[in-house]
Structures are given as C-alpha cells and as structure tokens.
Amino acid sequence: MRIPSAHGTHRTHRTRRALLAVFALAAAVDLTSLATGFAPGHAVAKPLLMPLLAAYSVASAAPRLLVAALLCGWGGDVLLLSDADPAFLAGMASFAAGHVCYLALFQAYGGPRARVGLLAPAYATALVVTVVALWPDLPAGLRVPVAGYSVLLTTMACASAVRFGALTGLGGALFLLSDTLIATGVADWPQLPRLEFWIMLTYIAAQFLLAGGALRALEARPGPLATYGEMRSTTP
C-alpha cells in the first residue's frame, strides 16, 4: 500500500477547497439570480452545481454511489429547466435514480445511528398527509408518479438519518421539503413569493449536507482510514 506524500495530500486539500469555493460561488449566483428574477443567471448556474459537488466528492475519495447520486441530481436539474410535462417526468425519474443510489450508499456503508422506530412513523405520517392533501389538486397524469416518487424520497430521507446520522439526515429532510414545495406548485397551491428561490435554497443545502455528511460518516468508519482509498477502487 502506497502512503500518499505530504505534497500530494496538500495538493488534494487545495483541489477540494477550490472545488468547494467554486460550488459556493455557483450557488450564490443561482440564488441571487432567483431572488432578483434574473433568469439567465439561473439557467447558467443551476447546471453547474451538482457536477461541482460531484467533483468535490471525487476529490474526497467518495464511493461511486455518492457521485452517481449527485450526477442523477444534475440530470434532474437540467431537465427541470423546462416547464414541459415530459421533461418534468424525466427529471423526476432522474432524481428517483439518485435516491436509489443514496439508499444503496446508506445500506453499503452506513450503520444504525438513530432509532428507526422513532423516525419511520414520523416520516410515514408526513408522507401520507402530504400525498393525501396534494392528490385532488395534482394533474391526473401526475398523481401516481408523484405518489411513487414521494415514497422513494421519504424512504431516502429517513434512511439518511438512520444510517448516516444527523448531518446527512438534515440533508434528507431538506430534500423532502424542497420537493414538497415543487409538488405544491404543480398542484397550484398558494405559493411563497419567489418560490423557486426557496426550492433551490433547500435543494442546494440538501445535496451539500447529504454529500458532506456522507463523507464525514465515511471518514469516521472503524478501521484504518488508509485502506479507504484502496476500497473505493473495488467497491461501488
């Protein structure tokens, strides 16, 4: 096993800091554009967010499943730039694939960190209440897809806390909140001013916390950390 040199480690840290800084800049541009109604800024900045976060994860020796989840989010982000129904369904499918990647990540690398008996009923109740409330106001062709997606999203949000801890769990909860805001818009409910700003604020925070919390949990795994870099070449 080759031990990384101090110079190589320092270079990796600099790369990670640079990628995180560019991600933060893209997020600031996107949110500022949404807050001020500058549509071109949002159209340019939004597609950059998840690739930058995925690159940061790669530089942090993340498992492929985490990188795949973020890139699925990127696919959803790009597709949801369109208002067309087929693009919405395709974007929802891309996000659903990302949730499957997150669930596989939590199962492969996580361990019990919270009591599922406490969290699962709370998330299940939130799921049922939300779907029942939204159902009559959703377009008929979107009711079943939205309900199915909601089950998967809620499962991911619950598992993020149960398997990876509070930081990742907060990311999962914010993802649930962000997508619920989208669903209320689809159902044509009364909305907050600048709804898309709040959707993106909670979404960006969600993905950042999911990725950051997962990386922190992986670094804290029992066993010598030096083997983790080896493991990522032979594991998902």
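Calculation rules
- What you see as residue numbers is a count from 1 along each chain, following the sequence as written.
- It should be noted that, the model being predicted, local features are given only for residues of pLDDT at least 70 and side-chain atom pairs only at 80 or more, the latter also being counted only at that level, while totals for whole chains, interfaces and linings use all residues.
- As a rule here, side-chain values come from all non-hydrogen atoms in the structure, and water together with hydrogens is ignored.
- Secondary structure follows DSSP: runs of H or I at least 4 residues long count as helices, runs of E at least 2 residues long count as strands, and numbering of each begins at the N terminus.
- For every residue, the accessible area obtained with a 1.4 Å probe (protein chains only) is divided by the maximum for its type, and the residue is called buried under 20%, exposed over 50%, and partly exposed between those limits.
- By the convention used here, residues are in contact when the closest approach between their heavy atoms is within 4.5 Å.
- With residues, only the protein chains shown are counted as cover, and all accessible areas are computed by Shrake-Rupley using a 1.4 Å probe.
- Pairing of aromatic rings covers Phe, Tyr and Trp, the last through its six-membered ring, and needs centres within 6.5 Å; plane angles under 30 degrees mean stacked, over 60 mean edge-to-face, and all others mean tilted.

**Structural notes on the overall build of the chain**
Scanning the chain from terminus to terminus reveals nine helices and zero strands. Scanning the chain from its N terminus toward the C terminus, one meets helices and strands in the order α-α-α-α-α-α-α-α-α. Counting the 236 residues in the chain, one finds 44% classified as buried. Long-range pairs, those at least 24 residues apart, make up 74% of the contacts in the chain between residues at least 6 apart in sequence. If you sum the accessible surface of the chain, you get close to 11,700 Å²; carbon and sulfur atoms cover 71% of it.

**With respect to the packing of aromatic side chains**
Taken as a whole and judged by the stated rule, the model has seven aromatic pairs. Centre to centre, the rings of Phe-175 and Tyr-203 are 5.5 Å apart; their planes meet at 85°, and the pair counts as edge-to-face. Residue Phe-175 is located in helix α7 (residues 166-186), and its partner Tyr-203 is located in helix α8 (residues 195-219); the two are separated by 28 residues in the primary sequence. Comparing Phe-175 with Tyr-203, the two get one shared label, buried. Chaining the aromatic ring pairs together yields one cluster made of Phe-95, Phe-175 and Tyr-203.

Distances and angles like these do not, on their own, reveal function.
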